[in-house]
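For reference, the chains in residue letters:
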Amino acid sequence: MLDHSEELAEEAGVAGRCSFLQAPADDLSALEDASVGAVTTRSVLIYVADKRRAFEEFHRVLKPGGRLSIFEPINRFSSRSYSAEGGFFAGYDVTPVRDLARKVWSAYEQRQPPDTDPMLNFDERDLLELAESVGFEEVHLDYEAEVTPGYRATWGKIRDWNTFLESSGNPKIPTMKEAMNETLTPEEIEHFTEYLRPLVERNERTARTASAYLWAVKGDA
C-alpha cells in the first residue's frame, strides 16, 4: 500500500511534498506530538488488538483542531449470520442440519474467538466511547446496517458451489472446505453438502452487513 501511495504521489506530481512511514496504528512513536493535521484509516482497527492505544496515538499526533476520520466494518453484527445460532450459517437457513453447522462454525471460533478477536470484539458504540475517552472534543458517528436477501445483496453473490467451498471470509480463517474437513466426518460432509449446496446455487441467503464511519476533532486547548 505504501508503494502504491508513492506511485500515486508521483503520478500527481506531489511526491516532493510527501513522506511515507510504515508503523502500527497503536505505536506512532516515529511521529512527534501534535505534528499532523489529519489521521484517516479504513478497515484498520479490525486488525488492532489494543484499540484504545491506537486512539490515544491518533489523538497524540494530531495538532489542536486536527481531525480523525475512520471507517470500520462492524463484524459483530454480520457474524450472527454465520454462528449457526438461531438456525443460520453463512446467511443460509440450516435449521435441519444445525448440529453439523455448529461443528463447522467451531473451526472459525477457534481461530477468531468472538469475545477477544480484534475483528469481532467491538461495535460502533465502542468506537464512539474510545474516541471520547481519549480526549477528542467533538465526535460524530454514522452507522449503517443492512439485512438483505442474497439476490439483492451488493456483495457475496456466490452461486458456484466450488467457489463457495474455496472461499474464506478473511485471511485469518479457513476456507469452507477446510473447516468442513476439520470438523465433520466424510458422511457428515456428504449430508451437509446435500442440504447446503442447493441453497448456495439458488442464492437463498440473507446478507447482514454493517459499518461505522467516525470523525472527530481534537480540541484547541
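Our structure is the block above this text.
Quick summary incoming for the structure in this document.

**A closer look at the layout of surface pockets**
No. 1: If you add up the space inside the largest pocket, you get close to 1000 Å³.
No. 2: What lines the largest pocket is a set of 23 residues, and nearest its centre among them are Leu2, Leu21, Ala23, Thr40 and Thr41.
No. 3: Among the secondary structure elements, those contributing two or more residues to the lining of the largest pocket are helix H1 (2-12), strand S1 (36-42) and helix H2 (51-61).
No. 4: For the lining of the largest pocket, the leading source of residues is S1, giving six residues.
No. 5: Split by residue class, the lining of the largest pocket holds 17 nonpolar, five polar and one charged.

**With respect to the environment of His191**
No. 1: One can find His191 in helix H8 (residues 186-201).
No. 2: In this view, His191 contacts Val97 and Leu100; residues no more than four positions away in its chain are not counted.

**A closer look at the side chain of Glu124**
No. 1: Following the sequence through the fold, Glu124 ends up in helix H5 (residues 124-133).
No. 2: Buried and without a salt bridge, Glu124 has Arg125 as its closest oppositely charged side chain, separated by 4.1 Å.
No. 3: Discounting residues that sit within four places of it in the chain, Glu124 has contacts with Ile74, Leu141, Tyr143 and Ala212.

**What about a negative patch on the surface?**
No. 1: Judged by side-chain charge, Asp3, Glu6, Glu7, Glu10 and Glu11 come together as a negatively charged surface patch.
No. 2: Tracing the chain through its elements places Glu7 in helix H1.
No. 3: With a relative accessible area of 47%, Glu7 lands in the partly exposed category.

**A word on the packing of aromatic side chains**
Given two aromatic rings, their pairing is described by the distance between the two centres and the angle made by the two planes.
No. 1: Scanning the model with the defined rule gives five aromatic pairs in all.
No. 2: An angle of 25° between the planes, with centres 5.4 Å apart, marks the rings of Trp161 and Phe164 as stacked. One end of the pair, Trp161, and the other, Phe164, are both in helix H6 (residues 161-165), three residues apart, so they sit about a helical turn from each other.
No. 3: For Trp161, a relative accessible area of 4% translates into the label buried.
No. 4: For Phe164, a relative accessible area of 8% corresponds to the buried category.
No. 5: The rings of Tyr92, Trp161 and Phe164 are connected pair by pair, giving a single aromatic cluster.
No. 6: One residue, Arg42, lies across the ring of Phe71, its end atom 4.3 Å from the ring centre.
No. 7: Between Arg208 and the ring centre of Phe77, over which it is positioned, the NZ or CZ distance is 4.2 Å.

About the criteria used
- Residues numbered from 1 in each chain as written.
- Predicted model: local features only at pLDDT ≥ 70, side-chain atom pairs only at ≥ 80, totals over all residues.
- Heavy atoms only, no water.
- 1 Å grid on protein atoms, 1.4 Å probe; cavity = no way out; pocket = protein on both sides within 12 Å on 5 of 7 lines; lining within 4 Å.
- Points joined across faces, edges and corners; volume = space filled by probe spheres on them.
- Helix = DSSP H or I, 4+ residues; strand = E, 2+ residues; numbered from the N terminus.
- Nonpolar A, V, L, I, M, F, W, Y, C, P; charged D, E, K, R; others polar.
- Contact = heavy atoms within 4.5 Å.
- Buried < 20%, exposed > 50% of the residue type's maximum accessible area, 1.4 Å probe, protein only.
- Lys, Arg positive; Asp, Glu negative; His and termini not counted.
- Salt bridge = Lys/Arg side-chain N within 4 Å of Asp/Glu carboxyl O.
- Patch = residues over 30% accessible without salt bridge, like charges linked within 9 Å, V, L, I, M, F, W, Y side chains within 5 Å.
- Areas by Shrake-Rupley, 256 points an atom, 1.4 Å probe, with all protein chains shown as cover.
- Charge placed at Lys NZ, Arg CZ, Asp CG, Glu CD.
- Phe/Tyr/Trp six-rings, centres within 6.5 Å; stacked < 30°, edge-to-face > 60°.
- Lys NZ or Arg CZ within 6 Å of the ring centre and 35° of its normal.

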